[in-house]
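Structural overview
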Amino acid sequence: MEEAFSFFSHAWPLMLAAFAAGTVDSMGGGGGLITVPALLNMGVPPLFLLGTNKTISAFGSLPALLRYRKARLLPNLGWKIWAFLGLSCAAFSAVGAFVSQYEAFLDRISLIVPLMLVFVMGFMVKKWFFDAHPATELAMDSPKALMTKIAGPGSFLSIGGISFYDGLLGPGTGAFFMNFLEHHGVRTLTANAATKVFNLSSNVGALIFFVAMGKNLWLFGLSGAFCYALGNYLGAGFVIKRGQNLVRAVVLIVVSILLLRYLYRYIQSIGMI
């Protein structure tokens, strides 16, 4: 009982962050912008940082995919095509996870991750507040139209490259998938549904590698995943379009505070202040 109380007294900031991250993820990606700095501020060692975050995002993003499937919003490409796309994303992501464990990368991850988060946050600000979202984009593409738009080796390599990044670092992957699909003319609703398949597959591919290598903290990962899943499920219901900008502004402020706090601690630890 005391051990459980001690764990929750230490993990509750991560659980709150994971709930917020799931809500943000339900709007088109970006949940890792919150979970990764939350884990950094908790002092999770670099060796376990990426694996623990993958536990949160892999299990936590499943409800969104199931919701799309139940509502029949997922394009009916047939199980063979979805299996090929999913396994491809998982394979590329596993390679990224493998590369992330090189000593040269791990030695610099404490600085690489927050710098990458700043870049991803800039990308998300552009996508959230400055990109146009015409109402006509809410229509659903047919399976044939979707395949026509993303067919070709260039698109396959782009999907593979985003999946590789997901295994290597991860934050913003869902938004990158969404941006790639919309850039190719895929309508927003179709892009959001397809993104859930790509993102879940790449999450699982990286997670399998990290689990096999023993590089995740299960208690933090699973408790965060539960709250992430709850936020992901509820977020689709109560975050309406008029309220998204307010929610995103709050997320932007919270992420900025978390990043600044971590960067201050990092600079302090290396004796610069």
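Residues numbered from 1 in each chain as written. Predicted model: local features only at pLDDT ≥ 70, side-chain atom pairs only at ≥ 80, totals over all residues. Heavy atoms only, no water.

In terms of helices and strands, the protein chain carries 13 helices and 0 strands. Going from N to C terminus, the protein chain has its helices and strands arranged as α-α-α-α-α-α-α-α-α-α-α-α-α. The 273 residues of the protein chain split such that 49% are buried. Considering only contacts within the protein chain whose residues lie at least 6 apart along the sequence, 83% involve residues at least 24 apart. (Helix = DSSP H or I, 4+ residues; strand = E, 2+ residues; numbered from the N terminus. Buried < 20%, exposed > 50% of the residue type's maximum accessible area, 1.4 Å probe, protein only. Contact = heavy atoms within 4.5 Å.)

Bringing helix α2 (residues 32-41) into the picture now. Within α2, 10 of the 10 residues are buried, which leaves it mostly tucked inside the rest of the structure. At the C-terminal side of α2, G43 shows a positive phi close to 80°.

Next up on the list: helix α5 (residues 79-100). For α5, which comprises 22 residues, the first-to-last C-alpha distance of 31 Å matches the rise-based estimate of 32 Å (1.5 Å per residue) to within 8%. Those residues of α5 that fall on the buried side of the exposure criterion are W82, L85, G86, S88, C89, A90, S93, G96, A97 and S100. On its buried side, α5 packs onto α3 (46-60), α6 (103-106), α9 (153-168) and α11 (188-212). (Expected span 1.5 Å × (residues − 1).)

One finds V113, L181 and F198 to be the most contacted residues of the largest nonpolar core, which totals 58 residues. Per element, the largest residue contribution to this core is 8 residues, and it comes from α11. Discounting residues that sit within four places of it in the chain, F198 has contacts with W82, L85, C89, I159, F177 and L181. (Core = buried A, V, L, I, M, F, W, Y, C linked by side-chain atoms within 4.5 Å.)

Moving on to the packing of aromatic side chains. On inspection of all chains with the given rule, the structure shows 8 aromatic pairs. Here F209 and F210 contribute two aromatic rings whose centre-to-centre distance is 5.7 Å and whose plane-to-plane angle is 70°, an arrangement assigned as edge-to-face. Residue F209 is classed as buried on the basis of its relative accessible area, which comes to 16%. Here the aromatic residues F98, Y102, F209 and F210 are joined through ring pairs into a cluster of three or more. (Phe/Tyr/Trp six-rings, centres within 6.5 Å; stacked < 30°, edge-to-face > 60°.)

Here we come to the side chain of N199. In this structure, N199 sits in helix α11. Accessibility expressed as a relative area gives 12% for N199, which makes it buried. The contacts of N199, once residues within four sequence positions are left out, are D166, T173, G174 and F177.

Counted under the stated rule, the structure contains 3 salt bridges. A salt bridge links K54 to D166, with the shortest nitrogen-to-oxygen separation between them at 3.0 Å. Separated by 112 residues along the polypeptide, K54 in helix α3 and D166 in helix α9 bring together distant segments of the chain. As far as burial versus exposure is concerned, K54 and D166 are alike and both buried. Linked by salt bridges that have partners in common, D141, K149 and R187 make up one network. (Salt bridge = Lys/Arg side-chain N within 4 Å of Asp/Glu carboxyl O.)

This part is about the confidence of the model for the protein chain. Here the protein chain averages 80 in pLDDT, and 81% of its residues register 70 or above. Averaged over each element, pLDDT in the protein chain is lowest for helix α13 (residues 241-269) (65) and highest for α5 (94). (pLDDT = per-residue confidence, 0-100.)

Attention now goes to the packing of α9 against helix α10 (residues 173-183). Viewed as axis vectors pointing N to C, α9 and α10 meet at an angle of 170°, and their least axial separation amounts to 10 Å. By the angle class used here, α9 and α10 are roughly antiparallel. In this structure, α9 uses S155, S158, I159, I162, S163, Y165 and D166 to contact α10, whose residues at the interface are T173, F176, F177 and F180. The residue makeup of the contact of α9 with α10, split by class, is 6 nonpolar, 4 polar and 1 charged. (Axes fitted to C-alpha atoms, helices over the stretch in contact; angles between N-to-C directions. Parallel < 35°, antiparallel > 145°, perpendicular 65-115°, else oblique. Nonpolar A, V, L, I, M, F, W, Y, C, P; charged D, E, K, R; others polar.)

On to the environment of F105, then. Looking at the element boundaries, F105 is found in helix α6. Between the alpha carbons of F105 and L168 there is a distance of 9.6 Å; along the sequence they are 63 residues apart. If we ignore the near neighbours within four places in the chain, the residues touching F105 are L50, V99, S100, I112, L168 and L169.

Okay, the side chain of S93 next. Mapped onto the elements, S93 comes out in helix α5. Since its relative accessible area comes to 0%, S93 is described here as buried. Apart from residues no more than four positions distant in its own chain, S93 is found in contact with S163, F164, D166, G167, S202 and A206.

Now for the environment of G221. Its location among the elements puts G221 in helix α12 (residues 218-238). Note: C-alpha distance between G221 and G60 (161 residues apart in sequence) is 9.8 Å.

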